[in-house]
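# A closer look at the structure
Spelled out, the chains give:
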Amino acid sequence: MASRRGIFFNSKSRTVDKVQQLPTQISNEIPSNDNNNNNTNNNTNPQATTVKKKIILNHTKRTLTKTNYSGPRKIFSTNYKANRTQLNHKAFFGGNTDEYDLDNNEINTNNTLHTKTIISSNKTHIEQKQMQTTIVSNFRQPTTCAELDETQSYIDEMDYLLTGFQPGKLLVDRCLSAIKFAELCIKPTFRMHLRTNRALERIFDLLKDTPNIPSLNLCTTFIFYILSSDTLASGLNSSAIHLILDLVDKSSSINPNDEEYNKMKERILNINQKSLPDNIFYEQRFNICDMILETFVNISRNNLKESLRNELRTLGGFDLIIKAVNSIVQDLANNDFKCYSLSELSIRYRKVCRYINMLEEFANENSEQSSASKSNININRMYIAQYNQYSLFHSLSKLLDLSLLWLQQGSTINQTSTTATNVKDTNSYDMFREGCKAIMSILVIITNDCEVLCDRLTSDDRFFSNLFRLLVTIENSSFSNEDKFDALALTLNLLINLVQNTKYIYKHLMETNMPDGSTVKIYEYLAKLFCEQESSAAKAESHEENDWMMEDVDDNDFDEESDKKPTNENGANFNRALQKAAGHMENTFVAAFTGVILAVILLRDQTKYASQIRELMPQKKFDTMAFILKKFFVFMHMSHAFTPSGVKILEELISMVLSLCG
């Protein structure tokens with residue numbers, strides 16, 4: 001039997017022609033049905049079966065009993081348009097019986113003559129739905145859209161700026177384009193896009209004529225300064241270094257009263273105050289040379305290539321830096337401490353310390369560099385030290401003298417006042433300490449394994465006495481233990497270089513008194529410092545078990561004829577000792593540095609000074625000094641912190657001190 005179809009069923013098999021032929025078929029089929037009932041039931045003609053179904057649909061209302069209702073049923077689609085298309089309101093609400101009789105849990109189907117309309121509406125809905133449905137297979141994430149927006153914005157900005165950089169444009173337009181480009185370069189995202197293509201090369205190529213134009217020279221210098229703040233130093237290659245130094249050379253002929261130049265200067269100062277956090281410029285010294293020097297400061301921190309360092313030296317970059325150091329130190333030396341306010345003094349002092357640290361970076365030798373690179377570093381170091389008849393040494397000596405004066409004044413202020421209003425004075429106190437560390441650090445690098453420079457430096461008696469004045473000031477200061485250790489270690493390292501690389505300075509240590517009218521000899525002060533630091537380390541070590549460093553070391557290991565090196569393969573113990581030794585290892589290191597100085601004196605003239613130094617040692621023996629030096633050697637050997645020359649010297653010293661024990 002064919003399936004039933006009603007108002008909510010799909011009726012694709014019905015056609016308009018069949019519906020129009022129903023009356024005729026009805027009249028012809030009724031008599032045969034009355035007479036031949038059995039034949040009709042067994043009739044297999046498809047058309048006859050369809051006609052009987054149509055008769056029922058058009059002339060009778062028949063209730064179909066289905067399964068009981070067992071829960072909520074979704075009658076209509078949630079799509080509003082689909083409801084309007086499929087539902088014939090007149091046919092549904094115009095029936096005599098309810099289609100859904102929920103009280104009797106039965107579903108009644110209402111069949112009317114509006115089937116034709118319903119069929120056409122259903123077909124129309126299917127076609128419309130297929131046309132209106134849109135399937136998006138590929139879509140972008142929000143982050144991708146943001147990146148595309150940044151890229152498009154960068155492209156638009158660069159097209160606009162490259163047009164403004166053209167040499168044929170007005171000077172005002174070129175200056176404004178340069179300032180706008182510098183402001184955009186402050187954003188890290190913009191600098192990131194600059195590194196992805198060769199945009200900087202095109203810009204610098206368009207700005208080749210800027211050194212001869214004062215206002216545009218200043219704007220281009222500001223661009224280099226902003227770009228140098230990038231940790232990757234984007235775009236600063238050999239041609240850029242040439243352009244930078246050309247900007248400095250031509251800046252000497254600039255008229256400071258130029259109207260356009262002063263406009264650009266004021267605008268750049270405003271950008272510095274608003275966008276850049278560090279207060280590194282002051283108006284009295286703000287010029288092209290000052291910005292170029294700060295550019296060098298930034299690029300020196302970014303592991304500048306060796307070839308670029310050599311170009312800086314050959315093209316006069318080092319000369320520019322050393323002259324700036326001499327100028328600022330002379331400015332500070334010619335004016336009393338009270339002539340400047342604290343803010344003005346701090347800006348000048350921090351600036352000269354940055355320049356000193358920059359020279360240290362250029363003169364520093366990396367242990368991983370090749371032999372050719374190390375030779376170039378040695379050339380740079382000698383050039384910095386010997387420039388203009390050792391003018392840097394004179395400036396550093398003056399600056400150390402001023403720093404000690406300001407440190408003593410700051411120490412007096414901190415001891416006499418405890419109010420919260422002296423926070424700035426405390427900050428300046430720390431600033432002068434950092435300045436002393438910068439001076440000591442660069443001198444340690446310059447004087448390493450160089451007798452000529454050590455002889456020249458020790459010829460300044462004022463500087464040599466200031467070294468021991470600095471030791472006393474730091475030891476009696478209120479600095480933290482870490483800050484004290486850094487300053488003491490650097491100063492003692494410089495003294496080691498001076499004593500090791502000069503022939504007669506050891507006599508000065510044995511025969512000269514401490515500065516400021518003290519009756520204590522220098523060697524006596526060093527022996528006292530050794531005993532105090534060793535005692536502090538021993539007290540701290542008594543609560544810990546880290547003497548494992550010496551358990552594999554024998555006195556015969558330091559025999560000059562022995563090839564055996566003190567080693568300890570237990571890396572876990574070594575790391576454990578590093579974690580536990582944070583408190584007392586600093587005292588051990590200071591004691592070791594002091595012991596090395598005393599050992600070098602003994603190495604120079606053992607027969608004359610051995611008895612004098614032995615009297616000042618713990619228990620009047622050299623056993624403690626030998627133990628400290630061996631411990632220091634093992635630690636430095638395991639941490640790979642020694643240079644080959646340092647290993648050789650320390651082995652010789654330990655062997656000599658061991659010979660004095662007993």
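In the annotation of an unreviewed UniProt entry, the protein chain is listed under the name WAPL domain-containing protein and assigned to Adineta steineri. UniProt, in its Sequence similarities (unreviewed entry) section for the protein chain, records the words "Belongs to the WAPL family."

Each helix and strand counted, the protein chain has 31 helices and 2 strands in total. Per-residue burial over the protein chain gives 45% buried out of 662 residues. Summed over its atoms, the accessible surface of the protein chain is roughly 35,900 Å², and 48% of this surface lies on carbon and sulfur atoms.

Turning our eyes to something else, we now look at the environment of Lys250. Within the element layout of this structure, Lys250 appears in helix H13 (residues 238–251). Judged by relative accessible area, Lys250 falls into the partly exposed class, the value being 31%. Sequence separation of Lys250 and Ile288 is 38 residues, and the distance between their C-alpha atoms is 9.7 Å. If near-sequence neighbours (up to four positions away) are discounted, Lys250 is found in contact with Pro211, Asn212 and Asn217.

Let us now look at the UniProt feature "transmembrane region" (unreviewed entry) in the protein chain. On the UniProt side, "transmembrane region" (unreviewed entry) is annotated at positions that read residues 585–603 here. Within the segment residues 585–603, helix and strand shares are 100% and 0% respectively, and the terminal C-alpha atoms sit 26 Å apart.

Right, let's get into the side chain of Thr502. Its location among the elements puts Thr502 in the loop between helix H24 (481–501) and helix H25 (505–511). Here Leu498 takes part through its backbone oxygen, which lies 2.3 Å from a polar atom of the side chain of Thr502. The residues touching Thr502, leaving out its near neighbours within four places in the chain, are Cys454, Asp455, Thr458 and Arg604.

This part takes up helix H22 (residues 451–458). Along H22, the positions that sit buried rather than exposed are Leu453, Cys454, Leu457 and Thr458. With its buried residues spanning 125° around the axis, H22 presents them on a single face.

A few words on the pattern of salt bridges. According to the stated counting rule, one finds 17 salt bridges in the structure shown. Between Arg348 and Asp331 there is a salt bridge, and its shortest N-O distance comes to 3.5 Å. Separated by 17 residues along the polypeptide, Arg348 in helix H18 (residues 342–363) and Asp331 in helix H17 (residues 317–334) bring together distant segments of the chain. Of the residues examined, Arg348 reaches a relative accessible area of 7% and is grouped as buried. According to the relative accessible area criterion, Asp331 is partly exposed, its value standing at 27%. Its salt-bridge partner being Glu434, residue Lys437 comes within 3.4 Å of it at the nearest N-O pair.

Our focus in this paragraph is the nonpolar core. Residues Phe181, Leu194 and Phe296 are the most contacted members of the largest nonpolar core, which totals 170 residues. The element that contributes the greatest number of residues to this core is helix H28 (residues 585–604), accounting for 13 residues. Those residues in contact with Leu194 that sit more than four places away from it in its chain are Tyr154, Met158, Phe181, Cys185, Ala199, Leu200 and Leu227.

What follows concerns the packing of aromatic side chains. Counting across every chain of the model gives 18 aromatic pairs. Residues Phe485 and Phe589 carry aromatic rings whose centres are separated by 6.3 Å and whose planes lie at 70° to one another, so their mutual orientation is edge-to-face. Residue Phe485 is located in helix H24, and its partner Phe589 is located in helix H28; the two are separated by 104 residues in the primary sequence. Judged by its relative accessible area of 11%, Phe589 falls in the buried class. A cation over a ring is seen here: Arg433 above Phe479, with NZ or CZ 4.9 Å from the ring centre.

According to the stated counting rule, one finds 0 disulfides in the structure shown. No disulfide involves Cys219; its sulfur sits 4.4 Å from that of Cys175, the nearest cysteine. With no disulfide partner, Cys353 has as its closest neighbouring cysteine sulfur the one in Cys436, 8.5 Å distant.

Where helix H26 (residues 522–541) meets helix H30 (residues 623–638), the axes come as close as 12 Å, and the angle between the chain directions of the two elements is 70°. The orientation of H26 with respect to H30, classified from their angle, is roughly perpendicular. Judged by the sense of rotation from one axis to the other, the crossing of H26 with H30 is left-handed. Contacts between H26 and H30 pair Phe530, Glu534 and Glu541 from the former with Thr624, Met625, Ile628 and Lys631 from the latter. For the contact of H26 with H30, the class distribution of residues is 3 nonpolar, 1 polar and 3 charged.

Not every positive phi belongs to a glycine, and Gln389 is a case in point at roughly 60°. With respect to the helices and strands, the residue Gln389 is situated in the loop between helix H19 (371–386) and helix H20 (391–416). You can call Gln389 exposed: its relative accessible area is 65%. Even without being a glycine, Tyr390 presents a positive backbone phi close to 60°. Accessibility expressed as a relative area gives 15% for Tyr390, which makes it buried.

All right, on to the environment of Met358 then. Relative to the helices and strands, Met358 is located in helix H18. For the pair formed by Met358 and Leu293, sequence separation is 65 residues and the distance between their alpha carbons is 9.5 Å.

Turning to H30, a few remarks are in order. Helix length check: H30 (16 residues) gives 23 Å between terminal C-alpha atoms against 22 Å at 1.5 Å per residue, within 8%. Downstream of H30 by a residue or two, His640 has a phi angle that is positive, lying close to 55°.

Definitions and limits used
Residues numbered from 1 in each chain as written. Predicted model: local features only at pLDDT ≥ 70, side-chain atom pairs only at ≥ 80, totals over all residues. Heavy atoms only, no water. UniProt positions renumbered as here; feature names shortened; annotations may be inferred. Helix = DSSP H or I, 4+ residues; strand = E, 2+ residues; numbered from the N terminus. Buried < 20%, exposed > 50% of the residue type's maximum accessible area, 1.4 Å probe, protein only. Areas by Shrake-Rupley, 256 points an atom, 1.4 Å probe, with all protein chains shown as cover. Contact = heavy atoms within 4.5 Å. Polar contact = N/O pair within 3.5 Å; in protein donor to acceptor, adjacent residues only side chain to side chain. Arc of directions from axis to C-beta. Salt bridge = Lys/Arg side-chain N within 4 Å of Asp/Glu carboxyl O. Core = buried A, V, L, I, M, F, W, Y, C linked by side-chain atoms within 4.5 Å. Phe/Tyr/Trp six-rings, centres within 6.5 Å; stacked < 30°, edge-to-face > 60°. Lys NZ or Arg CZ within 6 Å of the ring centre and 35° of its normal. Disulfide = S-S within 2.5 Å. Axes fitted to C-alpha atoms, helices over the stretch in contact; angles between N-to-C directions. Parallel < 35°, antiparallel > 145°, perpendicular 65-115°, else oblique. Left-handed = near helix turned anticlockwise from the far one by under 90°. Nonpolar A, V, L, I, M, F, W, Y, C, P; charged D, E, K, R; others polar. Expected span 1.5 Å × (residues − 1).

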